[in-house]
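One letter stands for each residue in the lines below.
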Amino acid sequence: RWVPPPAPAASFPPLYMPVAAEAHRDSTPGSSTCGGSAARDDNDAIEAAASDLLHSRSRNATAGAALRRLKMEERRVQSLAQPLPGAASAQSEPTAPAVEVDALERSGSEAAPYDAASVLETRLSDDNAEMAGPASKRREPMWTEKSARCPARLRSMEEAEALLPSKSVCSRRCVRCVALCSLILTVLLLVLGAAPLLILSARNIAPWPPPSHPPQLQPPQPPLPPPHPAAPPPSLPTRKQPNILFFLADDMGYGDAGYLATGNRFGKLLTPHMDALTAAGMSFTDAYAGAPTCSPSRCSLMTGLHSGHCSVRDNGQEPLARGEIGFPTLLRARGYHTRHIGKWGLGGWGSGGSPLDKGFESYYGQLDNYQCHDYYPSYMDVGELRPGNRSMVRRLPIAANEGASEEKCGVDRLECAWTGDLWTAEARAFILGHASAAVARGDMPQPWLLYIAHTAPHSGGVGTQEEGMPPVPRVGSGPYGSRHDMGPEVSYAAAITELDRQLGLVLEALETASEAEHTVVFFASDNGASSEGGHDYLTFNSSGPLSGRKRSLHEGGHRTPLIVRWPGQIARGTTSAQQFAFYDFMATALELAGGDPSRDLPPDQKDGDSLLPTLLGRPQAQKAFVYHEACRPWEKKHGWGQALRVGNWSGVCLGSLQETEGPACTQATFLLYNLDNDLAQAHNVAAQHPDIVQSMLAQMRTVRTPGATCRRPGAR
């Protein structure tokens, strides 16, 4: 490896060339000491090259270059046609044996003359015989001078050029070019030597702190405090922090998942990858979404607040409150890389409720709830945090979907790009790219959070927001292509199976990247089964044994399938009746990342409990209660309502008025069910248990904060 040479002695300038001795500077032009003739000046140039090379002889590459330059000078001198004054007498004398420059300098002015070329070749033969060549090929000295008093010295470039005759323009140019090239080469090597240090420093840059305000509108925010150095429990894997992947379906019913299906006249819907996930992990029978509708449910998932505290309580265009902290923010503070792909529906750029505002470092999907109804949009919303907590946001055009329609998209809609395919491809690229980058660096991969929110099997359109049957691709070429007995409902069946296929592709990417063992996978749906866009949830018995559907405050409106897999940590093929709601996920993710929910959750966002003990097979007390509320519930189509589960008692309270402080109903209209023996909620037993009704009404009054959320304009 090349290293810069030591600095020259203080008596020499930084850039130096070999020139004549002090005696030469004192002599006059034409004198017998070192000068007067053009030939001797030319030989001075040869001498200069020799001394320069001798100074750098330990570097063979430089020596070789100087040797070639020296021999070019010799050939140029030999080619001079005009005889030089005094040349005959000089050549008639016998040549003295060549001596080294150092010996000449030590001997003073009476030392024997020397041949620069011979000296050079002699010194090189000591250092590198191959470069110098055999001694038999050394040249005879071109001229000698008994009275030579010109030992080589290191002087400035200006002095070297002054000694060259006026005819030797090429010599002067050569001297200047050699010095300039040496300087450029030295600077270049210094820069290349420092580059690895700069790269290593760049790899150690800490992750950006999460924003608390819209990054594009606010100045950079101060960094979050470092995570607490609490040691992980002994049961955690070799990596202290696992990756976390949350895969969310949209409007998929409780009974659409294979392990919860109760059967229908068309047979079980095909979900092989969900079934495999169930066999490899833990499935839950008593898990709940955040609310019976999309936006409030996602608000609960993101903030760890139930629907009586979360800022978004109705489907509309209202964003998350700026002060609400998203769970990705907590994971980023503990070293996670956070990415969201798919449907957001909780606020656009600059609203304070965008994905970047809530802790995601990058986003690719559809921000607007209603835009998500278009399965083949003309663009995708893209956002990314840049250094200094600044954000870059844009709309990324999708050329294949320009002017999308049923006619343009062709048979099986294969001429257009479905959002589900685009989002899965993006998720796979993230997983595989993250793993490849870690391998290239040769270090432990940074843990990551990936939140994928698909729109299937929600109703939708092709190039429009009008809601019809879910227009997924590959219906005709898929497993239901010949199921004409299903009629238009074949689109819903195909949507469930296509969603399952997307899940399988993501899980396959984890295996390919060797990240499956280090990733906790969650699969769930945002609310109960839908009956929108021409679909009837009863066709495939999508609510399973439960009563109600999407927008309902009965169990079928907000219970969800939940499957969790963590190889080596979660027992395979287990089923749990532990109650879980979306607002428990923030505490669960935090504890998975090594945090302490009792200490590290935001003070005003502690509605949830960590599910980690249950996942790891440890004893865990049942939740104290599960709470939901909704505007315009399906049961009444107006007003608002509340649902409360305490143990196996389920209470439903429906009101006819706009939202008040609560409760939404009175004891006379309260509905009470015992889920132990009435999972379908077919028998109201409120009259038999007035004490339980009164207790639940009191809790419904205090468990929430009031707000006129059901009167939001634009709510659906």
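This one's a predicted model, so the numbers in the text were calculated from it and none came from an experiment. (Residues numbered from 1 in each chain as written. Predicted model: local features only at pLDDT ≥ 70, side-chain atom pairs only at ≥ 80, totals over all residues. Heavy atoms only, no water.)

K.L.:
Before we move on, could you go through the overall build of the protein chain and cite the residues and values that matter?
P.N.:
Looking only at helices and strands, one finds 20 helices and 18 strands in the protein chain. Burial statistics for the protein chain: of 716 residues in total, 53% are counted as buried. (Helix = DSSP H or I, 4+ residues; strand = E, 2+ residues; numbered from the N terminus. Buried < 20%, exposed > 50% of the residue type's maximum accessible area, 1.4 Å probe, protein only.)

K.L.:
Please set out helix α14 (residues 419–441) residue by residue, giving values where relevant.
P.N.:
An ideal rise of 1.5 Å per residue puts 33 Å on 23 residues; α14 measures up with 33 Å between its terminal C-alpha atoms. Among the residues of α14, Thr419, Gly420, Trp423, Thr424, Ala427, Phe430, Ile431, His434, Ala435 and Ala438 are the ones counted as buried. The elements touched by buried residues of α14 are β3 (243–249), β6 (337–343), β7 (362–366), β8 (379–386), β10 (448–453) and α15 (490–512). A positive phi of about 75 degrees marks Gly442, the residue just after α14. (Expected span 1.5 Å × (residues − 1). Contact = heavy atoms within 4.5 Å.)

K.L.:
Run through a nonpolar patch on the surface, naming residues and quoting values.
P.N.:
Side chains of Leu180, Leu183 and Ile184 sit close together on the surface and give an oily, nonpolar patch of about 280 Å² of accessible area. By the secondary structure assignment, Leu180 is in helix α9 (residues 169–203). (Patch = residues over 30% accessible without salt bridge, like charges linked within 9 Å, V, L, I, M, F, W, Y side chains within 5 Å. Areas by Shrake-Rupley, 256 points an atom, 1.4 Å probe, with all protein chains shown as cover. Salt bridge = Lys/Arg side-chain N within 4 Å of Asp/Glu carboxyl O.)

K.L.:
Describe the state of the cysteines, with residues and values.
P.N.:
Under the definition given, this model contains three disulfides. At a sulfur-sulfur separation of 1.4 Å, the disulfide partner of Cys299 is Cys310. The sign of the -80 degrees torsion about the S-S bond sets the Cys299-Cys310 disulfide as left-handed. Within this pair, whereas Cys299 is found in helix α11 (residues 294–303), its partner Cys310 is found in the loop between α11 and α12 (327–333), the two being separated by 11 residues in sequence. In this pair, the class of Cys299 matches that of Cys310, namely buried. Disulfide partner of Cys409: Cys416, at an S-S distance of 2.1 Å. Note on the Cys409 and Cys416 pair: the S-S dihedral is about -95 degrees, so by sign convention the disulfide is left-handed. Here Cys409 and Cys416 have matching classes, each one buried. (Disulfide = S-S within 2.5 Å.)

K.L.:
With reference to specific residues and values, describe the pattern of salt bridges.
P.N.:
Two side chains carrying opposite charge are able to pair once their charged atoms lie near each other. As enumerated under the stated definition, the model contains 27 salt bridges in all. With a shortest N-O distance of 2.7 Å, Arg339 and Glu426 are connected by a salt bridge. In this pair, Arg339 is assigned in strand β6 and Glu426 in helix α14, connecting sequence segments 87 residues apart. Note that Asp421 and Arg501 form a salt bridge whose closest N and O atoms lie 3.9 Å from each other. Remark: Arg501 occurs in helix α15 and Asp421 occurs in helix α14; sequence separation between them is 80 residues.

K.L.:
So what's going on with the side chain of Thr455? Which residues, and what values?
P.N.:
With respect to the secondary-structure elements, Thr455 resides in the loop between β10 and α15. In this view, Thr455 contacts Asp250, Lys343, Gln366, Cys372, Tyr375, Thr419 and Trp423; residues no more than four positions away in its chain are not counted.

K.L.:
Explain the packing of aromatic side chains to me, and be specific about the residues and the numbers.
P.N.:
Under the criterion given, the structure shown has 14 aromatic pairs. A ring pair is formed by Phe246 and Tyr451, whose centres lie 6.3 Å apart and whose planes are at 75 degrees; its orientation type is edge-to-face. In this pair, Phe246 sits in strand β3 while Tyr451 sits in strand β10, placing the two residues 205 residues apart along the sequence. Across the pair, exposure class does not vary: Phe246 and Tyr451 are buried alike. The structure contains a cluster of three or more aromatic residues connected by ring pairs, namely Phe246, Phe327, Trp344, Phe360, Tyr451, Phe522, Phe582 and Phe585. (Phe/Tyr/Trp six-rings, centres within 6.5 Å; stacked < 30°, edge-to-face > 60°.)

K.L.:
Lay out the nonpolar core in plain terms, naming residues and giving numbers.
P.N.:
By size, the foremost hydrophobic cluster in this structure holds 53 residues, and its most contacted members are Leu245, Ile431, Leu450 and Phe523. For this core, the elements supplying multiple residues, two or more each, are β3, α10 (272–280), β8, α14, β10, α15 and β11 (519–525). If you tally residues by element for this core, the top one is α15, at 12 residues. Excluding its chain neighbours within four sequence positions, the residues that come into contact with Phe523 are Phe247, Ala249, Met252, Met274, Leu277, Leu499, Leu503, Pro561, Leu562 and Ile563. Leu320, Val520, Phe582 and Leu616 belong to the second largest nonpolar core, which has 47 residues in total. (Core = buried A, V, L, I, M, F, W, Y, C linked by side-chain atoms within 4.5 Å.)

K.L.:
How would you explain the pairing of strand β16 (residues 640–646) if you had to name every residue and give the values?
P.N.:
The buried fraction of β16 amounts to six of the seven residues, a majority that puts the element mostly inside the structure. Relative to β16, strand β15 (residues 626–631) runs antiparallel, the two sharing six bridges. From the neighbouring strand, Tyr627 faces β16, where its bridge partner is Leu644. The antiparallel hairpin formed by β16 and strand β17 (residues 649–655) contains two residues in its connecting segment, where Gly647 sits at a positive phi of about 65 degrees. (Pairing = 2+ DSSP bridges.)

K.L.:
Explain the sheet that holds β17 to me, and be specific about the residues and the numbers.
P.N.:
Strand order in this open sheet of four strands is β15-β16-β17-β18, and the pairing throughout is antiparallel. In this open sheet, the two edge strands, each paired with only one partner strand, are β15 and β18 (671–674). The sheet shows a mean angle of 15 degrees between the axes of neighbouring strands, taken without regard to direction. Bridge count between β17 and β18: four bridges; the pairing is antiparallel. In the strand pairing of β18, Gly651 is matched with Leu672. (Axes fitted to C-alpha atoms, helices over the stretch in contact; angles between N-to-C directions.)

K.L.:
Before we move on, can you summarise the sheet that holds β7 with the specific residues and values?
P.N.:
Across the sheet, which stays open at both edges, the 10 strands sit in the order β9-β8-β7-β6-β10-β3-β11-β12-β4-β13 with mixed pairing between neighbours. Each edge of the open sheet carries a strand with a single partner, namely β9 (390–397) and β13 (574–576). Here the average twist between neighbouring strands, direction ignored, is 15 degrees. Inspection of the sheet shows β3 paired to β10 by five bridges, in the parallel sense. Opposite Leu248, over in β10, you have Ala453 as the bridge partner. Those strands touched by α11 are β3, β6 and β10, and its axis lies near 170 degrees from that of β10. Each of β3, β6, β7, β8 and β10 is contacted by α14, which is oriented at about 170 degrees to β6, the strand it contacts most.

K.L.:
Provide a residue-level description of the pairing of β3, including the pertinent values.
P.N.:
Of all seven residues in β3, seven are buried; the element is thus mostly enclosed. Side chains Asn243, Leu245, Phe247 and Ala249 project from β3 onto one buried face, and the interleaved Ile244, Phe246 and Leu248 project onto a second face that is buried too.

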